[in-house]
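Descriptive structure summary
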Amino acid sequence: MTRLSAPKLMRAKTDLRSAQQRTVTALYEGVWFDQSGPGTGTGAVLPMGGGKTAASLTAFEELQRDGIARDMFVLAPKRVAQLVWRAEVKQWAHLQRLKVVFVGGSAVQRAQLLREPADVYCIGIDNAKWFVDWAKTQKPARFSRSVFCVDELSRFKNPRGKRLRALAPIIPWFLSRWGLTGTPRPNGFEDLFGQVKLLTAGHLWGNSFDKWRQANFYPLDYNAYKWAILPERQRQIIDDANRVMFTIGPDDMPDLPALNDGPEFIEWVDMPEEIVERYKLMMKELVNFLKQRDGVVAAANLAVASGKLCQLVQGFLYDGLEGKHRGIERYHDVKMERLLEMIEEAGGEPVMVAYEFQADLDSLKENFPGIRWLGAGVNDRQAEEFERAWNDGRLDVAAVHPASAGHGLNLQFGGAQLFHYGFNWSAELYDQLLKRFHRPGQHRPVWSRPILMRAPGLLTTDEMKYQRVHDKMADQELFRRLLKEV
């Protein structure tokens, strides 16, 4: 069997894709947001797999080489800050001279690391408030030649968020502010304010979210909980955002192999007859639980309330409340039997199996002794080794929990078969997991094949999850569907 090889250990600057080169230029040159001088912030909006990290490091390396910048402070999700930025430097010849430091450990250790000479300081976003407190012990001039980069800028979309408020006093001190994201406004135009405020230190839209919203939106309800953008203001807000955000769309990305994902790729299994009646009784209990909330259903409530149904579909039941497992009782192996058949049908191709519960992982361990996984109980060093082993083609079957397959994880070199033994409620996690495989560097068609359980006359939780993820079905619609079922 021919395996995909891992990428070259060292790449040249000329290997940067055209979209990355344009991003480097945008970050280096910045933008102009008024007539008084150059803008000091740039948001780079690239799809997942677009190469934001390499482009940002290249832009900084050029600024440093030209004597404009001295160092860069990167605020990122902890795993990304700890692993991804340092790993990226090792892959590119033109970045070899950069010293990248992860600022971790105790408060004393973090302060010591920031005192040591380095080019790039990576700080976990969980330490954002601590970083602000440390920065305030320095003179503002200390940062006049420093770039401040936020990896995953959309985490600052909440204009009243504690981290954004904490950063506000110090962000004007920096030479430039960069924000990297793939989703600048996931829930609407209001999400732009906090991110633009961070990039421009309030110079573009001011510092007051309420004043900005009142000028550009109108309330949809008496209590002003929900707002809609004024039609005559939408174009101006888009134009303003485009002055500080450089966007690379999917059409600008290199051609990727086919992604085989959709209803036609579902692997259906039938619920055993002896399980159907138990499932129906549990569903009635679920509906009664949700009705008690006056029809107001949050995604978390729906997921927790349906936990027992999800477990039964997977073939087991935990003894005790969700999250307080005292034991487990097995009921069927229908899904596992189909998974084993699918892996055999793969003909030796590496297979990644997505799971949901710890009991799912336990079943995988029983059927695949020694299986490696990425999820709960795996530390950062083990996660890095897992990624390396998969991309090197050393894992025939591996397992991953969608919540552990987030930003900075590359799995495109080790295989293209993704089987969903357990299905997750979250469309975002599902999409992120797919993008770990379907991204630049993948040369084979990617197969996403969920194993879903069905039963005549029933809407199973597998079907609900799939509809929520693929049809973006709202919680209220799921609730209405449930009421019809019982």
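None of these values were measured; they are calculated from a predicted model. (Residues numbered from 1 in each chain as written. Predicted model: local features only at pLDDT ≥ 70, side-chain atom pairs only at ≥ 80, totals over all residues. Heavy atoms only, no water.)

Now for the overall build of the protein chain. When you go through the protein chain residue by residue, the secondary structure sums to 18 helices and 18 strands. Counting across all 486 residues of the protein chain, residues that qualify as buried make up 55%. (Helix = DSSP H or I, 4+ residues; strand = E, 2+ residues; numbered from the N terminus. Buried < 20%, exposed > 50% of the residue type's maximum accessible area, 1.4 Å probe, protein only.)

Read from one edge to the other, the open sheet built from 7 strands follows the order E3-E4-E2-E5-E6-E1-E9, with strand pairing classed as parallel. The open sheet has two free edges, formed respectively by strand E3 (100–103) and strand E9 (245–247), since each of these has just one partner strand. Between one strand axis and the next, the sheet turns through 20 degrees on average, direction left out of account. By the bridge criterion, 5 bridges tie strand E5 (residues 146–151) to strand E6 (residues 176–181) in an arrangement that is parallel. Each residue of the ladder has a partner; that of Phe148, found in E6, is Arg177. (Pairing = 2+ DSSP bridges. Axes fitted to C-alpha atoms, helices over the stretch in contact; angles between N-to-C directions.)

Time to look at the pairing of strand E18 (residues 446–454). The buried fraction of E18 is high, at 7 of 9 residues. Bridging between strand E10 (residues 259–260) and E18 involves 2 bridges; their strand directions are parallel. What sits directly across from Leu259, in E18, is Val446. Two elements, strand E11 (residues 267–270) and E18, share 4 bridges in a ladder whose sense is parallel. For Trp268, the partnering residue across the bridge sits in E18 and is Leu452. Direction of pairing for strand E17 (residues 417–420) relative to E18: parallel, over a ladder of 4 bridges.

Turning our attention to the pattern of salt bridges. Summed over all chains, the structure comprises 26 salt bridges. Residues Glu267 and Arg449 are paired through a salt bridge, measuring 2.7 Å at the closest nitrogen-oxygen approach. One end of the pair, Glu267, is in strand E11; the other, Arg449, is in strand E18, and 182 residues separate them in sequence. Just as Glu267 is buried, Arg449 falls in that class too. The partner of Arg388 in a salt bridge is Glu385, and the shortest N-O contact between them spans 2.6 Å. Of this pair, Arg388 and Glu385 both sit in helix H15 (residues 380–391), 3 residues apart, which is roughly one turn of that helix. By relative accessible area, which is 39% here, Arg388 ends up partly exposed. (Salt bridge = Lys/Arg side-chain N within 4 Å of Asp/Glu carboxyl O.)

It is worth spelling out the side chain of Glu61 at this point. When you line up the elements, Glu61 lands in helix H2 (residues 52–65). Ignoring anything within four residues of it in the chain, the contact list for Glu61 reads Lys13, His94, Leu95, Arg97 and Leu98. (Contact = heavy atoms within 4.5 Å.)

Taken as a whole and judged by the stated rule, the model has 23 aromatic pairs. Relative to Trp173, the ring of Phe143 lies with its centre 6.1 Å away and its plane at 20 degrees, an arrangement referred to as stacked. Pair noted here: Phe143 is in the loop between helix H5 (128–135) and E5 and Trp173 is in the loop between helix H6 (162–167) and E6, with a separation of 30 residues, a long-range link. Accessibility expressed as a relative area gives 22% for Trp173, which makes it partly exposed. Above the face of the Trp130 ring, Arg110 is positioned so that its terminal group lies 4.6 Å from the ring centre. One residue, Lys365, lies across the ring of Trp373, its end atom 4.0 Å from the ring centre. (Phe/Tyr/Trp six-rings, centres within 6.5 Å; stacked < 30°, edge-to-face > 60°. Lys NZ or Arg CZ within 6 Å of the ring centre and 35° of its normal.)

Right, let's get into the side chain of His420. By secondary structure assignment, the location of His420 is in strand E17. His420 sits in the buried class, given a relative accessible area of 3%. At 2.9 Å, the side chain of His420 forms a polar contact with the side chain of Ser448. When sequence neighbours within four positions are dropped, the list of residues in contact with His420 reads Ala354, Tyr430, Leu433, Ser448, Arg449, Pro450 and Ile451. (Polar contact = N/O pair within 3.5 Å; in protein donor to acceptor, adjacent residues only side chain to side chain.)

Let us look at the environment of Met336. Relative to the assigned elements, Met336 resides in helix H13 (residues 334–345). A residue is classified by how much of its surface remains accessible, and Met336, at 4% relative accessible area, is buried. A C-alpha to C-alpha distance of 8.8 Å links Met336 and Gly315, two positions 21 residues apart in sequence. Each residue touching Met336, except ones within four places of it in the same chain, is listed here: Ser363, Leu364, Asn367 and Tyr421.

Quick look at the confidence of the model for the protein chain now. Here the protein chain shows a mean pLDDT of 85. Residues at 70 or above account for 85%. Considering only residues more than four positions removed or in separate chains, one finds that residues 31–38, a stretch of pLDDT under 50, has 17 contacts. (pLDDT = per-residue confidence, 0-100.)

Counting residues in each nonpolar core, the largest one holds 46 residues, and the members touching the most others are Phe73, Phe131, Trp134, Phe148 and Leu167. In contact with Phe148, not counting residues within four places along its chain, are Phe73, Leu75, Phe131, Leu167, Ile171, Phe174, Ser176, Arg177, Trp178 and Leu198. (Core = buried A, V, L, I, M, F, W, Y, C linked by side-chain atoms within 4.5 Å.)

For the rest of this paragraph, the subject is the pairing of E5. The buried fraction of E5 is high, at 6 of 6 residues. Judged by which residues are buried, E5 turns out to be covered on both faces: Ser146, Phe148 and Val150 on one side and Val147, Cys149 and Asp151 on the other are all buried. Here strand E2 (residues 71–76) pairs with E5 via 5 bridges, running parallel. Paired with Asp71 across the bridge in E5 is Ser146.

Right, let's get into the environment of Pro263. With respect to the element layout, Pro263 can be found in the loop between E10 and E11. For the pair Pro263 and Gln467, spaced 204 residues apart in the sequence, the C-alpha separation amounts to 9.9 Å.

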